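Below, each chain spelled out in residue letters.
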Amino acid sequence: MSQFFMKRNILSIIALGASLAAMAEVTASYPVTTYNFGAFSEESGPVSCKFPVINTGTEPLSILSARATCGCTQPSYPREAIAPGDTAYIDVTYDPQYRPGRFHKQVYIETNAAVPKARFDIEGVVIGAPRTISQRYPADFGNLKMEHPAMMLGDVLTSEFKTAYFNGYNQSADSLVIKAERTPDYLQIMPSPEIALPGEQMAIVVFIDGNKCKEYGLIEDSVKISITPGERYTIPFTLIVNEDFSKLTPEQVEKAAVATLSGESVDFGTVARNGAPVTRTFTLKNTGKETLEVRRIYSADPGVTVAYPDRKIKSGQQMEITATVDPSQQKGGILNSKVMVICNDPMHPTQTVRLVGEWK
């Protein structure tokens, strides 16, 4: 019988110890975990807020670390332990310098509590200082400031659907609604977000459908946008369209047309600066097996025009191409212009002929 009571006492002591351990658990509560600074000026400098940390347990609570997701956000915390029932504060400071627009940052802390980790969020909108806006968004489209005055869309294949992003900023005190009024068939313009709130960043998203591009090589055009209230602007863009040969088999490439030029340059000699336009010719020959199809022959130089009689050259035949230089449209001390020859030659789809000469 005595052994029975001894075992029961031991079990009671163990249960009591477990109960006391549970009662002595370190716990914490966080009554506020988010803070919104609202809209404030970058020129007003860093802003701060406090997040309370309450020791709801029966043992001292210690904050072991605090870290932010960005160097612009700096948390600080007390190093001494928090007594049961007491409250301490996590101080969080956000530096808005050179950071216009909306922000959302996180601060993570670790404690010795039973649930050791907690997260705090801060957010707001920084109204950028004029100096910062002019540096980050130098292109002026009224109340909308953009990183670049033109959209460089880069290369796109004829089979490709491409997306490009161009960042902007609403410097006004009103919301802006941006809409595309005129775009080519192969472009779609979508502002993101659709309504740019005061002091916030946005982006103009451009969708390019290479399959709808009717021209090869360099395309220089523009889109027209409207910005409420009542502002309209033209944004130029450039795009380079390349034919997609990736689906051709090795046998098809072997049998394909081959574009062969008569030379890499055409010498115009000495040209009178105030004289009449001067013309020279060069040839394009098809040394391949299939018919050579000319996609485009052109020059981006406004003082150079190019003419050619046909767009198809049979195997073994050649075509004469005429390049005309207008001296009145030329700048600089020498003639140095390029003519781009684009064909369905999968190995050499784009070739360059340089027009050279001197002015007198």
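Residues numbered from 1 in each chain as written. Predicted model: local features only at pLDDT ≥ 70, side-chain atom pairs only at ≥ 80, totals over all residues. Heavy atoms only, no water.

With reference to specific residues and values, describe the pattern of salt bridges.
If you walk through the whole model with that rule in mind, you get nine salt bridges. Arg295 is the partner of Glu243 in a salt bridge, and the nearest nitrogen-oxygen pair spans 2.8 Å. Remark: Arg295 occurs in strand 22 (residues 292–298) and Glu243 occurs in the loop between strand 18 (231–242) and helix 3 (250–255); sequence separation between them is 52 residues. One salt bridge in this structure joins Arg295 and Glu293, with 2.8 Å as the shortest N-O distance. Overlapping salt bridges bring together Glu243, Glu293 and Arg295 as one network. (Salt bridge = Lys/Arg side-chain N within 4 Å of Asp/Glu carboxyl O. Helix = DSSP H or I, 4+ residues; strand = E, 2+ residues; numbered from the N terminus.)

Report on the sheet that holds strand 26 (residues 334–343), specifying residues and quantitative values.
Think of a sheet as strands paired side by side through backbone hydrogen bonds, with each pair either parallel or antiparallel. Spatially, the five strands line up as an open sheet ordered 20-27-26-22-24, and their pairing is mixed. The strands lining the two open edges of the sheet, one partner per strand, are strand 20 (265–271) and strand 24 (312–313). Two strands pair when backbone bridges link them, and strand 26 and strand 27 (residues 350–359) are joined in this way by nine bridges, in the antiparallel orientation. If you follow Met340 over to strand 27, its bridge partner there is Thr352. (Pairing = 2+ DSSP bridges.)

Please set out unusual backbone geometry residue by residue, giving values where relevant.
Look at the link from Ser192 to Pro193: it is a cis peptide, with omega at 0 degrees. With respect to the helices, strands and loops of the structure, Pro193 is situated in the loop between strand 14 (187–192) and strand 15 (195–196).

An account of empty space enclosed by the protein is requested, with residue identities and associated values reported.
The final tally for this structure, using the stated rule, is one cavity of 30 Å³ or more. Of the voids in this model, the largest cavity is the one considered here, and its volume is about 40 Å³. If you go around the largest cavity, the residues you meet are Phe141, Met146, Glu147, His148, Ala150, Met151, Phe166, Asn167 and Ile235. In the lining of the largest cavity, the residues fall into six nonpolar, two polar and one charged. (1 Å grid on protein atoms, 1.4 Å probe; cavity = no way out; pocket = protein on both sides within 12 Å on 5 of 7 lines; lining within 4 Å. Points joined across faces, edges and corners; volume = space filled by probe spheres on them. Nonpolar A, V, L, I, M, F, W, Y, C, P; charged D, E, K, R; others polar.)

Account for the side chain of Glu231, naming residues and giving values.
Relative to the elements of secondary structure, Glu231 occurs in strand 18. No salt bridge is formed by the buried Glu231; its nearest oppositely charged neighbour, Lys145, is found at 8.2 Å. (Buried < 20%, exposed > 50% of the residue type's maximum accessible area, 1.4 Å probe, protein only. Lys, Arg positive; Asp, Glu negative; His and termini not counted.)

Give me the packing of aromatic side chains: which residues, what numbers.
Counted under the stated rule, the structure contains 11 aromatic pairs. With a centroid separation of 5.8 Å and an interplanar angle of 90 degrees, the aromatic rings of Phe141 and Tyr233 are classed as edge-to-face. Taken together, the residues Phe141 in strand 9 (residues 139–141) and Tyr233 in strand 18 connect sequence positions 92 residues apart. In this structure Tyr233 comes out as partly exposed when scored by relative accessible area, which is 24%. The interplanar angle of 25 degrees and the centroid separation of 6.2 Å between the aromatic rings of Phe161 and Phe207 together place this pair among those described as stacked. Placement of Phe161 in strand 12 (residues 161–170) and of Phe207 in strand 16 (residues 201–209) is noted, with a sequence separation of 46 residues between them. Each residue in the set Tyr35, Phe37, Phe40, Tyr94 and Phe103 is aromatic and connected to the rest through ring pairs, giving one cluster. Taking the ring centre of Tyr298 as reference, the NZ or CZ of Arg296 above it sits at 3.6 Å. (Phe/Tyr/Trp six-rings, centres within 6.5 Å; stacked < 30°, edge-to-face > 60°. Lys NZ or Arg CZ within 6 Å of the ring centre and 35° of its normal.)

Everything listed is a geometric property; what it means functionally is a separate question.
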